[in-house]
Protein chains: 2
Amino acid sequence: MRSFEVFINEYFQNFYSSSIKDAAYYSLMAGGKRFRPQLLFAVLDGFNLPRENGFHSALAIEMIHTYSLIHDDLPCMDNDDYRRGKPSCHKAYGENTAVLAGDALLTESFKVICADPHLTSKQKIAIVAKMSQYAGINGMIYGQYLDLKYENDQTADVVVLQDIDYYKTACLFILALEMGMVIAHDEANREFYRSFGAKLGSLFQIQDDLFDIIKSSEETGKPQGSDLKNNKLTALSFYDRDTIDRLLKKTIAEIVELLNSQKFDTSFLLKIVEKIKDR
Amino acid sequence: MRSFEVFINEYFQNFYSSSIKDAAYYSLMAGGKRFRPQLLFAVLDGFNLPRENGFHSALAIEMIHTYSLIHDDLPCMDNDDYRRGKPSCHKAYGENTAVLAGDALLTESFKVICADPHLTSKQKIAIVAKMSQYAGINGMIYGQYLDLKYENDQTADVVVLQDIDYYKTACLFILALEMGMVIAHDEANREFYRSFGAKLGSLFQIQDDLFDIIKSSEETGKPQGSDLKNNKLTALSFYDRDTIDRLLKKTIAEIVELLNSQKFDTSFLLKIVEKIKDR
């Protein structure tokens, strides 16, 4: 995805020089895998559309994802000093700069959509509506709320966990897919994108829950056992490792079946699933 | 503005129940004067358009303004325990909820525009572009950056102060006016809205700088001398009280002259200027 990275660098030239810009850039370029952009591009690949048509939307979603990580790592939230093997944003730039860098990334994510030369006003507004829906108070932020609310709460059941996974993780996956859907004028398959994004988000989050204890700090880039330390509600609160392995296999099988049952070319999406499976 | 307040209350019904929603509502309804909505409505009044046509945009800008105050009050920023005579958001709901409530208000401000039944997609995108511009990293957030950067810095000159006033305060005034401009299809007068908003923002901020020392905590709703305590760069860093009085009078005279020199009905804008003058 070299040219997407070039695009990001060029876009950042639009911003006034400041520690806020530096901090936002630092976190955006900290080595994330760009899974959400990859999902968006996979939709475009399936319709044989140039990936450039999705660069603005892909940058917007990566900005939203990055802002959420910056704010999530703050001392008053999860208090994580490391992210992707580097000092988290507030550790590198200070807390006030990190708060503003997050705010800036969120605000600018909408500006990026407005500046997209490939889309009509109608498409842009459809995407802005989806961004504010899936990242907002009835979307990702609701997931953050649940995540914090159910820390240290032993009364929660597995339905709460499914909600956390859906809002905190799947919402942005669905957003990425639906951005691609709008760009490719494929609204007819909206239900597919939602089901696929929801299942993929669940898979991704259950993996992350497991990685927290089975992978080393070097592999995950954050302290091993961070969720455990924060008493987070995760898959490990309900299942043993064998059950989690079976759950992951079952989810992957469902995803593959869903992809195979579509009438259009889902092979590019399958490749992303395989990447996530093997990460 | 009773019906606008009713509109806000109705809009909040759309949000899932959570402490984030409660905290966002608490700060949005904490007794702000709605100056930015008033500016927007004054533009519509001048064109004899119903204020309802501006309710969505007015709520959006008030959400942005409120989010900026919530984050600005955080311990890692200005660390203010009171706002408008009440505990600030993080004092009432906790720091993590306050961060997320600010994030939610910012995100939802864009959703509000998408949901506006009075506007075309083209108008909506024009407004989203202005919101992300004036509230973003080259707008209000740049003002917050300068405000924090020049705390305790005695080397700054008056040009820096003018920049702080422009970015931190005037940008949202200009946004309110330009939102009205888009709704009223009055793009021809764009330069006027920019000049007027810039001057009005300057007037407003110089007043605020003065109020910090001359008004009691009861009158301003925040601790007297809060800027002084934080070593903020304000008009008082450069001017004595007599000079500030002359500066305020001069700015008001310039604003009135600007309003009088327009060919369309600016009487409604003049009323807001008088309200601000006498606050």
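Remember, it's a predicted structure, so these values are computed and weren't measured experimentally. Each chain carries its own residue numbering, running from 1 in the written order of its sequence. To label them, take the chains in the order written and letter them from A, then take the ligands in the order written and number them from 1. Local features in this predicted model are restricted to residues whose pLDDT is 70 or higher, and side-chain atom pairs enter the listing and the counts only when it is 80 or higher, whereas totals over whole chains, interfaces and linings include all residues. Excluding hydrogens and water, the side-chain figures rest on all heavy atoms present in the structure.

*Asks:* How should the interface of chain B and chain A be read in this particular structure?
*Replies:* Accessible area lost when the parts come together is the quantity often used to give the size of an interface. Counting from both sides, the interface comprises 44 residues of chain B and, opposite them, 44 residues of chain A. What counts as buried area is the accessible surface, traced by a 1.4 Å probe, that two parts surrender upon association, with contributions from both included. For the chain B and chain A pair, buried surface summed over both sides reaches about 4000 Å², with 73% attributable to carbon and sulfur atoms. Three residues stand out in chain B for area buried against chain A, namely Tyr16, Ile125 and Ile137 of chain B, and they jointly supply 17% of the buried area on that side. Basic side-chain nitrogens of Lys or Arg form a salt bridge, by our definition, when they fall within 4 Å of a carboxyl oxygen of Asp or Glu. Taken together, the connections running from chain B to chain A amount to 0 salt bridges. Any N or O atom pair separated by 3.5 Å or less is treated as a polar contact, with the protein-specific requirement of one donor-capable and one acceptor-capable atom, and with residues adjacent in sequence counted only for side-chain atom pairs. Across the chain B-chain A interface, the total number found is 12 residue pairs in polar contact (both at pLDDT 80 or more). For the purposes of this entry, the term helix denotes a DSSP run of H or I that reaches at least four residues, the term strand denotes a run of E that reaches at least two, and both are numbered from the N terminus. When contributions to the side of chain B that touches chain A are tallied by element, the ones reaching two or more residues are helix H2 (19-28), helix H4 (55-73), helix H6 (95-114), helix H7 (121-134) and helix H8 (140-149) of chain B. Classification used: nonpolar for Ala, Val, Leu, Ile, Met, Phe, Trp, Tyr, Cys and Pro, charged for Asp, Glu, Lys and Arg, polar for all others including Gly. When the residues that make up the side of chain B that touches chain A are grouped by side-chain class, the tally is 24 nonpolar, 13 polar and 7 charged. In this analysis, two residues are considered to be in contact whenever any of their non-hydrogen atoms come within 4.5 Å of each other.

*Asks:* Looking at this structure, I do not really get the pattern of salt bridges. What am I missing?
*Replies:* Think of it this way: side chains of opposite charge can pair up when their charged atoms draw near. This model, assessed by the stated rule, comprises 28 salt bridges over all chains. Measuring nitrogen to oxygen at the nearest pair gives 3.3 Å for the salt bridge that ties lysine 250 of chain A to glutamate 254 of chain A. Separated by 4 residues within a single helix, lysine 250 of chain A and glutamate 254 of chain A lie in helix H13 (residues 241-260), roughly one turn from each other. The cut-offs for exposure are 20% and 50% of the maximum accessible area for each residue type, with area from a 1.4 Å probe on protein chains only; residues under the lower value are buried, those over the upper are exposed, and the others partly exposed. Note on lysine 250 of chain A: relative accessible area 52%, which makes it exposed. Between lysine 199 of chain B and glutamate 254 of chain B there is a salt bridge, and its shortest N-O distance comes to 3.1 Å. One end of the pair, lysine 199 of chain B, is in helix H10 (residues 190-214); the other, glutamate 254 of chain B, is in helix H13 (residues 241-260), and 55 residues separate them in sequence. Since its relative accessible area comes to 28%, glutamate 254 of chain B is described here as partly exposed. One connected set of salt bridges, linked through shared partners, spans Asp78, Asp147, Glu151, Lys168 and Lys232 of chain A.

*Asks:* Hey, could you run me through the relation of the copies chain B and chain A in this one?
*Replies:* Mapping between the two copies of the chain is achieved by a rotation about an axis and a shift along the axis. Alignment of the copies relies on least squares applied to C-alpha atoms, considering only residues that score at least 70 for pLDDT in both. Each copy superposes on the other: chain B lies on chain A with an RMSD of 0.0 Å after a rotation of 180° and an axial shift of 0.0 Å. Classification of the inter-copy transformation places it as that of a two-fold axis. It is serine 121 of chain B whose C-alpha, among those of chain B, lies nearest the rotation axis, at 2.8 Å.

*Asks:* How do you make sense of the packing of H10 of chain B against H13 of chain B when you look at a structure like this?
*Replies:* Two quantities define a packed helix pair, namely the angle between the helix axes and the distance between the axes. Residues and elements named next belong to chain B. At their nearest, the axes of H10 and H13 sit 10 Å apart, and the two run at 155° to each other. Considered as vectors, H10 and H13 are oriented roughly antiparallel to each other. In this structure, H10 crosses over H13, and the sense of that crossing is left-handed. Here H10 contributes Phe192, Ser195, Phe196, Lys199, Leu200, Leu203, Ile206, Gln207, Leu210, Ile213 and Ile214 to the contact with H13, which in turn contributes Arg241, Ile244, Asp245, Leu247, Leu248, Thr251, Ile252, Glu254, Ile255, Leu258 and Leu259. Its residues assigned to classes, the contact of H10 with H13 shows 15 nonpolar, 3 polar and 4 charged. Note on geometry: axes are C-alpha line fits, over the in-contact stretch for helices, and angles between N-to-C directions span 0 to 180 degrees. Our angle categories are set so that under 35 degrees counts as roughly parallel, over 145 as roughly antiparallel, 65 to 115 as roughly perpendicular, and the remainder as oblique. Note: crossing handedness is left-handed where the near helix turns anticlockwise from the far helix by less than a right angle, and right-handed where it turns clockwise.

*Asks:* How should I be thinking about the side chain of asparagine 53 of chain A in this particular structure?
*Replies:* One can find asparagine 53 of chain A in the loop between helix H3 (35-46) and helix H4 (55-73). When neighbours within four sequence positions are excluded, asparagine 53 of chain A is seen to be in contact with Leu44, Asp116, His118 and Ile183 of chain A.

*Asks:* Looking at this structure, I do not really get the state of the cysteines. What am I missing?
*Replies:* As used here, a disulfide is simply a covalent bond connecting the sulfur atoms of two cysteines. Our working definition of a disulfide is a cysteine sulfur pair at a distance within 2.5 Å. If you walk through the whole model with that rule in mind, you get 0 disulfides over all chains. Here cysteine 76 of chain A is not disulfide-linked; the sulfur of cysteine 76 of chain B is the nearest cysteine sulfur, at 7.4 Å. This cysteine, cysteine 114 of chain A, is not joined by any disulfide, and cysteine 114 of chain B carries the nearest cysteine sulfur, 9.6 Å off.

*Asks:* Would you explain the packing of H13 of chain A against helix H14 (residues 267-277) of chain A in this entry?
*Replies:* Residues and elements named next belong to chain A. It is at 10 Å that the axes of H13 and H14 come closest, and there the two elements cross at 170°. Judged on the interaxial angle alone, H14 and H13 are roughly antiparallel. Of H14, the residues touching H13 (which contributes Ile252, Ile255, Val256 and Leu259) are Leu269, Leu270, Val273 and Lys277. Across the contact of H13 with H14, the residue classes tally to 7 nonpolar, no polar and 1 charged.

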